[in-house]
Amino acid sequence: MSAVLSCPKCGSPMERVVRLAGHADRCTRCGGLWFEMMEHEHLKDAAAAIDTGDAQVGQEYNRIDRISCPSCPASPLIRMVDPQQPHIWFESCKRCYGRFYDAGEFRDFAEHTFAEFFRDLDAPARE
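Keep in mind it's a predicted model, so treat the numbers as computed, not measured.

The rules behind each value
Residues numbered from 1 in each chain as written. Predicted model: local features only at pLDDT ≥ 70, side-chain atom pairs only at ≥ 80, totals over all residues. Heavy atoms only, no water. Helix = DSSP H or I, 4+ residues; strand = E, 2+ residues; numbered from the N terminus. Buried < 20%, exposed > 50% of the residue type's maximum accessible area, 1.4 Å probe, protein only. Lys, Arg positive; Asp, Glu negative; His and termini not counted. Salt bridge = Lys/Arg side-chain N within 4 Å of Asp/Glu carboxyl O. Polar contact = N/O pair within 3.5 Å; in protein donor to acceptor, adjacent residues only side chain to side chain. Contact = heavy atoms within 4.5 Å. Disulfide = S-S within 2.5 Å. Patch = residues over 30% accessible without salt bridge, like charges linked within 9 Å, V, L, I, M, F, W, Y side chains within 5 Å. Areas by Shrake-Rupley, 256 points an atom, 1.4 Å probe, with all protein chains shown as cover. Core = buried A, V, L, I, M, F, W, Y, C linked by side-chain atoms within 4.5 Å. pLDDT = per-residue confidence, 0-100.

K.L.:
Can you lay out the side chain of R99 for me, pointing to particular residues and giving the numbers?
P.N.:
Among the secondary structure elements, R99 is positioned in strand β6 (residues 99-101). Despite being buried, R99 has no salt bridge partner; D82 is the closest side chain of opposite charge, sitting 4.5 Å away. Among the polar contacts listed, one links the side chain of R99 to the side chain of H40, at a separation of 3.3 Å. Non-local contacts of R99, meaning those with residues more than four positions away in its chain, are made with L33, W34, F35, H40, F90, E91, S92 and F109.

K.L.:
An account of the state of the cysteines is needed here, citing residue identities and associated values.
P.N.:
Applying the stated criterion across every chain, the model contains zero disulfides. In this model C30 remains outside any disulfide bridge; the closest cysteine sulfur is found in C7, 3.6 Å from its own. The exposure class of C30 is buried, given its relative accessible area of 5%.

K.L.:
Tell me about a nonpolar patch on the surface, and please be specific about residues and values.
P.N.:
A surface patch of nonpolar side chains, amounting to about 340 Å² of accessible area, comprises M37, M38 and Y97. Within the fold, M37 resides in the loop between β3 (33-35) and α1 (39-42).

K.L.:
Give a detailed account of the nonpolar core, specifying residues and quantitative values.
P.N.:
Side chains of a nonpolar character, in soluble globular proteins, are inclined to be buried together. Ranked by size, the top nonpolar core spans 14 residues in total, and within it C7, M14, W34 and L77 carry the most contacts. With 13 residues, the next largest nonpolar core counts V17, L43, F90 and F109 among its residues.

K.L.:
Give a detailed account of the confidence of the model for the protein, specifying residues and quantitative values.
P.N.:
Overall, the predicted model of the protein reaches an average pLDDT of 89, with 86% of residues at or above 70. Within the protein, helix α5 (residues 114-120) has the poorest average pLDDT of any element, 54, and β3 the best, 98.

K.L.:
Can you break down the side chain of D82 residue by residue, with the values?
P.N.:
Here D82 is to be found in the loop between β4 (77-81) and β5 (89-93). Of the polar contacts made by the side chain of D82, one reaches the backbone nitrogen of Q85; its length is 2.8 Å. Not counting chain neighbours up to four residues away, the residues in contact with D82 comprise I88, F90 and F109.

And the structure:
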């Protein structure tokens, strides 16, 4: 059994969410999600069941982006923008290639709609 991870945004414990296609770790407080390398791709179909956090809370925590990897704490996470959906900002580890999505971001990532395509043409730059 692996150790319980701490949320890189709020420091709360994360709970393991297991599905047939893989697993993620979800923060018990802010609802943020940690995915090991490529797990986010395997779990897209289960996004609604995995990403149960409040998207408004996620937007507030999205402002915190200078954080360390929950799996390799000595590694800072790199701020990233999804190339297909530039309104989605997430953090990724350059060592283990894990990803952190704030509450609501993974549901949004999994549902790329035609309307979002036009919205993304005017997405703000990430500073």
